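Each chain, letter by letter, is given below.
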Amino acid sequence: MFKDFKESVKSFMDHDPAARNPIEIILLYPGFKALQSHRRAKWFLNHKMPFLARLISQNCARRTGIEIHPGATIGRRVCIDHGHGVVIGETTEIGDDVMIYQGVTLGGTGKDVGKRHPTVESGVMIGAGAKVLGPITIGRNAKIAAGAVVVKDVEPNSTVVGIPGITVKIDGERIDDLDHTNLPDPVMNAIKSNLLKIEELERKIKELEDDKK
């Protein structure tokens, strides 16, 4: 348990350039506090004390603005940056080395039973305000852009943007890195592609009309 605690502190240090020392993270970072509270809540849930588990979870939500259901499964070295508004549902499964930014929802659609929430594999990054909904799988090392809404499975090493989420490509190749300040726009790219095709057709029509003269 102490090893996991140290790894978690180091993960926050590695991901947040504003973090000056481990004590600051332990005492002041809401994301770190929420993850540690979740470990305690999970222990009570696993030992058949669901009321105490939910009590810990709800107290943490009031203090940090981060709501993690005690039933969620969270791996090692997960980092929740800032974190206010993060919601993680009961049947969510999160792997190791996952980065989650503020406002993220790992939730359900209201239509599923049993496994209702996402599975997020190791190495995934989920940008601020993104919504990942339903019993879908976000593949290893995928990146979800800020504000994206994802309701379908995402392949490993993919980058997803938009509403609904679309896997973006450049020159037919998936983008395996994500620049939040220069997000691809798949809709605009499709419009530009259609405009080029229209221009090409208009050129050919004009050539045919010129040949008839």
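Please refer to the structure placed before this passage.
Conventions used here
Residues numbered from 1 in each chain as written. Predicted model: local features only at pLDDT ≥ 70, side-chain atom pairs only at ≥ 80, totals over all residues. Heavy atoms only, no water. Pairing = 2+ DSSP bridges. Helix = DSSP H or I, 4+ residues; strand = E, 2+ residues; numbered from the N terminus. Salt bridge = Lys/Arg side-chain N within 4 Å of Asp/Glu carboxyl O. Buried < 20%, exposed > 50% of the residue type's maximum accessible area, 1.4 Å probe, protein only. Contact = heavy atoms within 4.5 Å. Expected span 1.5 Å × (residues − 1). Phe/Tyr/Trp six-rings, centres within 6.5 Å; stacked < 30°, edge-to-face > 60°. Arc of directions from axis to C-beta.

(A) Structural context of the sheet that holds strand S10 (residues 131–133). Spatially, the five strands line up as an open sheet ordered S1-S4-S7-S10-S13, and their pairing is parallel. Of all strands in the sheet, those with a lone pairing partner are strand S1 (67–68) and strand S13 (149–150), marking the two edges. Alignment of S10 against S13, held across two bridges, turns out to be parallel. Of the residues in S13, the one forming a bridge with Lys 131 is Val 149.

(B) Representation of the pattern of salt bridges within the structure. Enumeration according to the criterion identifies ten salt bridges in this entry. For the salt bridge of Glu 24 with Arg 20, the shortest nitrogen-to-oxygen distance reads 2.7 Å. Taking relative accessible area as the criterion, Arg 20 reaches 67% and is therefore assigned exposed.

(C) Spotlight on unusual backbone geometry. One non-glycine residue, Asp 97, lies in positive phi territory at about 55°. Here Asn 141, not a glycine, exhibits a phi torsion of approximately 65°, which is positive. When you line up the elements, Asn 141 lands in the loop between strand S11 (137–138) and strand S12 (143–144). Here Asn 141 falls in the partly exposed class, since its relative accessible area comes to 33%.

(D) Representation of the environment of Glu 24 within the structure. Following the sequence through the fold, Glu 24 ends up in helix H2 (residues 22–28). For Glu 24, a relative accessible area of 12% puts it in the buried group. Expressed as a C-alpha distance, the spacing of Glu 24 and Val 9, which sit 15 residues apart in the sequence, is 9.9 Å. With residues up to four places along the chain from it excluded, the contact list for Glu 24 reads Ala 18, Ala 19 and Tyr 29.

(E) Region of interest: helix H1 (residues 2–15). An ideal rise of 1.5 Å per residue puts 20 Å on 14 residues; H1 measures up with 20 Å between its terminal C-alpha atoms. Residues Glu 7, Ser 8, Val 9, Ser 11 and Phe 12 constitute the buried set of H1. The inward-facing, buried residues of H1 abut H2, helix H3 (30–46) and strand S3 (79–80).

(F) Summary view of the packing of aromatic side chains. For the structure on display, the rule yields four aromatic pairs. Both rings, one in Phe 5 and one in Phe 32, keep their centres 5.4 Å apart while their planes meet at 75°; by these two values the pair is edge-to-face. Of the two residues, Phe 5 sits in helix H1 while Phe 32 sits in helix H3, which places them 27 residues apart along the sequence. Note on Phe 5: relative accessible area 26%, which makes it partly exposed. Taking the centre distance of 5.7 Å and the plane angle of 85° together, the rings of Phe 12 and Phe 32 count as edge-to-face. Within this pair, whereas Phe 12 is found in helix H1, its partner Phe 32 is found in helix H3, the two being separated by 20 residues in sequence. Here the two residues Phe 12 and Phe 32 agree in accessibility, since each one is buried. Counting every residue linked through ring pairs, the aromatic cluster contains Phe 5, Phe 12, Tyr 29 and Phe 32.

(G) Main features of helix H4 (residues 50–64). Relative to the 21 Å expected for 15 residues at 1.5 Å per residue, H4 spans 21 Å between its end C-alpha atoms, a close match to the ideal helical length. Those residues of H4 not exposed but buried are Ala 53, Ile 56, Ser 57, Cys 60, Ala 61 and Thr 64. Along H4, the residues classed as buried sweep out an arc of 135° about the axis, all on the same side. Turned more than 90 degrees from where H4 packs its buried face, Phe 51, Arg 62 and Arg 63 sit exposed. Its buried side turned inward, H4 meets H3 and S1.

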